[in-house]
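# Residue-level structure breakdown
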Amino acid sequence: MTQEQFDILFNKAKEIMLTSKDPVHNWGHIQRVIKNAQEILKKLPLDIQEKVDEKLLILCCAWHDVSHASCAPGFIQKFLEGRRSAKIINEFFSTANVKESEKFLVADNAIRHTMKELRFLGKSNLSIYHKIMQDADWLDNFYAPRVAQLEAQVKKSLYAFVVIKFLKPLFYNWQKNNMHLFLNFKETTAVYLESKK
Ligand SMILES: [Fe+2]
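Residues numbered from 1 in each chain as written. Predicted model: local features only at pLDDT ≥ 70, side-chain atom pairs only at ≥ 80, totals over all residues.

### Concerning the overall build of the protein
Our working definition: Every helix listed is a DSSP run of H or I at least four residues long, and every strand listed is a run of E at least two residues long, numbered separately from the N terminus. Atoms counted for the radius of gyration: C-alpha only. Globule rule: 2.2 Å times the number of residues to the power 0.38. Buried residues are those with 20 or more other C-beta atoms within 10 Å of their own C-beta, exposed residues have 12 or fewer, and partly exposed residues lie in between; C-beta atoms are placed from the backbone.
Per the secondary structure count, the protein includes ten helices and zero strands. Shown N-terminal to C-terminal, the secondary structure of the protein runs as helices and strands in the order α-α-α-α-α-α-α-α-α-α. Computed over the C-alpha atoms, the radius of gyration of the protein is 16 Å, within 12% of the 16 Å expected from 2.2 N^0.38 for a compact globule of 197 residues. The principal-axis extent of the C-alpha atoms belonging to the protein is close to 45 × 35 × 30 Å. Here the protein, with 197 residues, has 29% of them falling under the buried criterion.

Rendered as structure tokens:
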């Protein structure tokens, strides 16, 4: 990944996410996920840090929710978001002549992060990029203003209504109190606790 490719693709993701139709998946969410990922990376053992190309990690974060910019939130989007994002990623990364392996990694991150709610059933064999990005994304589920943004959509979105009125009371606090079941790294819990100080 060259600096020029990174700049083009980072700026393109920013341009797209700034116009997102979904206030829960917008540029603000992406900025927080990138910051979380960088904080997690800094806390990991040096031998793991050395394996990570930070530019590629930032692009995984920047593009992971890209389909939300053009698709309204809802049940269909929830099921298709990963595939839809991967299609957009393939298009822009091909135009920027990114290596196939790097393009695949960013697209695969977008596809596989959609199942992170089921992680407690068993941690799969993901790459270090998948693991860091998913933990960084997971932490933003507990960013209070973002939860308030979803609550504000309850009256106009059946999807938001179901999530807030049924799923949140059942699972939200359980997930918050049992983060270790969902997170890939114990270091991510430390990042979360520091953000609460
Ligand atoms: Fe996300």
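After that view, the rundown keeps rolling.
### A look at the environment of Gln49
Under the convention used in this document: Note that contacts rest on C-beta atoms placed from the backbone: two residues are in contact if these are within 7 Å.
Relative to the helices and strands, Gln49 resides in helix H3 (residues 46-49). Accessibility expressed as a C-beta count within 10 Å gives 13 for Gln49, which makes it partly exposed. The spacing of Gln49 and Ile128 is 79 residues in sequence and 9.4 Å in space, taken between C-alpha atoms. Apart from the residues lying within four places of it in its own chain, the contact partners of Gln49 are Leu41 and Leu44.

### Looking at the nonpolar core
Inclusion rule: In these notes, a nonpolar core means any group of buried Ala, Val, Leu, Ile, Met, Phe, Trp, Tyr and Cys residues linked to one another through C-beta atoms within 7 Å.
If you look at the biggest cluster of nonpolar residues, it comprises 33 residues, and the most contacted ones within it are Cys60, Cys61, Trp63 and Val106. For Cys61, the residues in contact, after removing those within four places along its chain, are Ile30, Val33, Ile34, Ala37, Met133 and Ala136.

### Looking at the packing of helix H5 (residues 75-95) against helix H6 (residues 100-112)
The condition is simple: Only the contacting stretch of a helix is used when fitting its axis, a line to C-alpha atoms as for every element, and angles between N-to-C directions run 0 to 180 degrees. By definition in this entry, angles of less than 35 degrees are roughly parallel, angles greater than 145 are roughly antiparallel, angles of 65 to 115 are roughly perpendicular, and the rest are oblique. In this scheme the crossing of two helices becomes right-handed for a clockwise turn of the near helix relative to the far one and left-handed for an anticlockwise turn of less than a right angle.
Running from N to C, H5 and H6 point in directions that differ by 160°, and their axes come no closer than 8 Å. Viewed along their axes, H5 and H6 adopt a mutual orientation that is roughly antiparallel. The handedness of the crossing between H5 and H6 comes out as right-handed. The segment H5 lies against H6, with Gly82, Arg83, Ser85, Ala86, Ile89, Asn90, Phe93 and Ser94 engaging Lys103, Val106, Ala107, Ala110 and Ile111.

### Remarks on H5
Inclusion rule: The span you would expect from a helix comes to 1.5 Å times its residue count less one. Take the seven residues that end at a residue and the seven that start at it, fit an axis to each, and the angle between those axes is the bend at that residue.
Taking 1.5 Å per residue as the helical rise, H5 with its 21 residues ought to reach 30 Å, and the 31 Å between its terminal C-alpha atoms agrees with that figure. The sharpest bend along H5 measures roughly 60° and falls at Glu81. Of the residues making up H5, those classed as buried are Glu81, Gly82, Ser85, Ala86, Ile89 and Phe93. Buried residues in H5 make contact with helix H1 (3-17), helix H4 (54-63) and H6. Positioned one or two residues after H5, Asn97 has a phi angle of 55°, which is positive.

### Re unusual backbone geometry
Glycine aside, negative phi is the norm for most residues, and most peptide bonds take the trans geometry. Despite not being glycine, Asn97 shows a phi value in the positive range, around 55°. Within the element layout of this structure, Asn97 appears in the loop between H5 and H6.

### A closer look at the packing of H1 against H4
Under the convention used in this document: Throughout this entry, Asp, Glu, Lys and Arg are counted as charged residues, while Ala, Val, Leu, Ile, Met, Phe, Trp, Tyr, Cys and Pro are counted as nonpolar. The remaining residues, Gly among them, count as polar.
Their axes nearest at 9 Å, the elements H1 and H4 cross at an angle of 20°. Here H4 runs roughly parallel to H1, going by the angle between their axes. In this structure, H1 meets H4 at a crossing whose hand is left-handed. Here H1 contributes Phe6, Leu9, Phe10 and Ala13 to the contact with H4, which in turn contributes Lys55, Ile58, Leu59, Ala62 and Trp63. Residue classes in the contact of H1 with H4 are distributed as eight nonpolar, no polar and one charged.

### Focus on the environment of Ser101
Tracing the chain through its elements places Ser101 in helix H6. For the pair Ser101 and Gln38, spaced 63 residues apart in the sequence, the C-alpha separation amounts to 22 Å.

### Describing H1
This is how the line gets drawn: Read the arc as the range of directions from the helix axis to the C-beta atoms.
Compared with an ideal rise of 1.5 Å per residue, which puts 15 residues at 21 Å, H1 spans 21 Å between its outermost C-alpha atoms and is within 8% of the ideal. Those residues of H1 that fall on the buried side of the exposure criterion are Leu9, Ala13, Ile16 and Met17. The buried residues of H1 occupy an angular sector of 90° when projected down its axis, which confines them to one face. More than 90 degrees from the buried face of H1, the exposed residues found are Gln3, Glu4, Asp7, Asn11 and Glu15. On its buried side, H1 packs onto helix H2 (27-43), H4 and H5.

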